[in-house]
Amino acid sequence: MTESDQKTGAVPNEIDSPDQGLDRRVGEQIRMIREIRGLSLRSLAALAGISSGLLSQIEKGQSSASVKTLQFIAKSLCVELGDFFAPLKGIPPAAGAVVFRRGQRRCERLSGSEAVVEWVTPPSDGDRLGLHLLHLSPNAIFSCEAIQGGGVQAGYIMAGGIELELPHQSYLLGLHDTFRFLGSRRFQLRNAGGRTAKILWARFQNAPPPPPPPLTEYHEVDH
């Protein structure tokens, strides 16, 4: 990328990749980390010294970014370049583990949703308590079914504003507000603001849940 490209915002010529699947995976990973960081597309583009148009194409998998461009983006997101190609790393926590490192944390985008769920405490066989961080892009919606066997759902708004929808009830919550209700009620969270919302979500089940599927994919998330 030339200095004139950075100053004018011109989109440099990128080498087309024969592996469109790789382009999509890299783009999705960049977008997910950007949203977790709370950065808009324009803000990240400015930090990386590229145009917002190019960044948008990269995130959508429509453009194969050069190594130099990816280095600019990685530096702006405070991650390593390799994280874009092998973002899922780390090892599952040992049975009975007390401490869970960042590299053992699972982070995934829900299928067909703009919601990203970060597993603060990984699930384990018979564990009734789960802690998660929810990252919701503007207008994103996160839905959760009722807990089978009963329990409690609770949350703390760490950033942004949300709308909490329960059967026949709706509430607007802002920064530092909290919620708590019986887990026998399904609920939905919608980002009601113009920035990424971040919610600490706690879920407690009265009865031990069924054994979780094996977790082989972990993603290191910095804050």
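1. Points about the nonpolar core
Part 1: The biggest cluster of nonpolar side chains holds 20 residues, and the ones touching the most others in it are Phe142, Phe179, Phe187 and Leu189.
Part 2: Looking at this core, the elements with two or more residues in it are β2 (115-119), β3 (129-136), β4 (141-144), β6 (162-166), β8 (178-182), β9 (187-191) and β10 (197-205).
Part 3: Leaving out residues up to four positions away in the same chain, Leu189 has contacts with Leu134, Leu136, Ala140, Ile141, Phe142, Ile162, Glu163, Leu164 and Phe179.
Part 4: Counting 17 residues, the second-largest nonpolar core is a separate cluster that includes Ala45, Ala48, Leu54 and Leu70.

2. Describing the packing of aromatic side chains
Part 1: Tallying each qualifying case throughout the model produces six aromatic pairs.
Part 2: Pairing Phe142 with Phe187 gives two aromatic rings, centres 6.2 Å apart and planes at 55 degrees, and the pair type is tilted. Separated by 45 residues along the polypeptide, Phe142 in strand β4 and Phe187 in strand β9 bring together distant segments of the chain.
Part 3: By relative accessible area, Phe142 is classed as buried at 5%.
Part 4: Between the aromatic rings of Phe142 and Trp201, the centroid separation amounts to 5.1 Å while the plane-to-plane angle is 65 degrees, which identifies the pairing as edge-to-face. Remark: Trp201 occurs in strand β10 and Phe142 occurs in strand β4; sequence separation between them is 59 residues. Residues Phe142 and Trp201 agree in their burial class; the two are buried.

3. Things to note about helix α3 (residues 41-48)
Part 1: Every buried residue belonging to α3 is among Leu44, Ala45 and Ala48, and all of these are buried. Along α3, the residues classed as buried sweep out an arc of 100 degrees about the axis, all on the same side. Turned more than 90 degrees away from the buried face of α3, the exposed residues are Arg42, Ala46 and Leu47.
Part 2: Elements in contact with the buried residues of α3: α2 (20-37), α4 (52-59) and α5 (67-77).
Part 3: Taken from the residues just after α3, Gly49 is the one with a positive phi, measuring 75 degrees.

4. Considering the pattern of salt bridges
Side chains that carry opposite charge are capable of pairing whenever their charged atoms lie near each other.
Part 1: Tallying each qualifying case throughout the model produces two salt bridges.
Part 2: Among the salt bridges present, the one from Arg34 reaches Glu59, with a minimum N-O distance of 2.7 Å. Of this pair, Arg34 sits in helix α2 while Glu59 sits in helix α4, placing them 25 residues apart in sequence.
Part 3: Where Arg190 meets Glu163, a salt bridge forms, and the shortest distance between an N and an O atom there is 2.7 Å. Separated by 27 residues along the polypeptide, Arg190 in strand β9 and Glu163 in strand β6 bring together distant segments of the chain.
Part 4: With relative accessibility at 25%, the residue Arg190 sits in the partly exposed group.
Part 5: Owing to a relative accessible area of 14%, Glu163 belongs among the buried residues under this scheme.

5. Observations regarding the packing of α2 against α4
Part 1: Closest axis-to-axis distance for the α2/α4 pair is 7 Å, and the angle between their directions is 115 degrees. Every residue of α4 that contacts α2 at Asp23, Gly27, Glu28, Ile30, Arg31 and Arg34 is listed here: Leu55, Ile58 and Glu59.
Part 2: Partitioning the contact of α2 with α4 into residue classes produces three nonpolar, one polar and five charged.

6. A short note on the sheet that holds β4
Part 1: Strands sit in the order β4-β9-β6-β7 across an open sheet of four strands; the sheet is antiparallel. Edge strands, defined here as strands with exactly one partner in the open sheet, are β4 and β7 (169-173). The sheet shows a mean angle of 15 degrees between the axes of neighbouring strands, taken without regard to direction.
Part 2: With five bridges connecting them, β6 and β7 associate as antiparallel partners. The residue of β7 that forms the bridge with Glu165 is Ser170.

7. Digging into the pairing of β6
Part 1: The element β6 is extensively covered by neighbouring structure, given that four of its five residues are classed as buried.
Part 2: Hairpin remark: β6 followed by β7, antiparallel, with two residues in the connecting loop; positive phi at His168, about 70 degrees.

8. Quick look at the sheet that holds β10
Part 1: What the six strands build is an open sheet, ordered β1-β2-β3-β10-β5-β8; its pairing is antiparallel. Each edge of the open sheet is held by one strand with a lone partner, namely β1 (107-109) and β8. Each strand of the sheet is rotated relative to its neighbour by a mean of 20 degrees, with strand direction disregarded.
Part 2: Judged from the five bridges that link them, β2 and β3 form a sheet pairing that is antiparallel. Its bridge partner lying in β3, Trp119 is registered against His132.
Part 3: Contacting β1, β2 and β3, α2 crosses the sheet at an angle of about 110 degrees to β1.

Each value, and the rule that gives it
Residues numbered from 1 in each chain as written. Predicted model: local features only at pLDDT ≥ 70, side-chain atom pairs only at ≥ 80, totals over all residues. Heavy atoms only, no water. Core = buried A, V, L, I, M, F, W, Y, C linked by side-chain atoms within 4.5 Å. Buried < 20%, exposed > 50% of the residue type's maximum accessible area, 1.4 Å probe, protein only. Helix = DSSP H or I, 4+ residues; strand = E, 2+ residues; numbered from the N terminus. Contact = heavy atoms within 4.5 Å. Phe/Tyr/Trp six-rings, centres within 6.5 Å; stacked < 30°, edge-to-face > 60°. Arc of directions from axis to C-beta. Salt bridge = Lys/Arg side-chain N within 4 Å of Asp/Glu carboxyl O. Axes fitted to C-alpha atoms, helices over the stretch in contact; angles between N-to-C directions. Nonpolar A, V, L, I, M, F, W, Y, C, P; charged D, E, K, R; others polar. Pairing = 2+ DSSP bridges.

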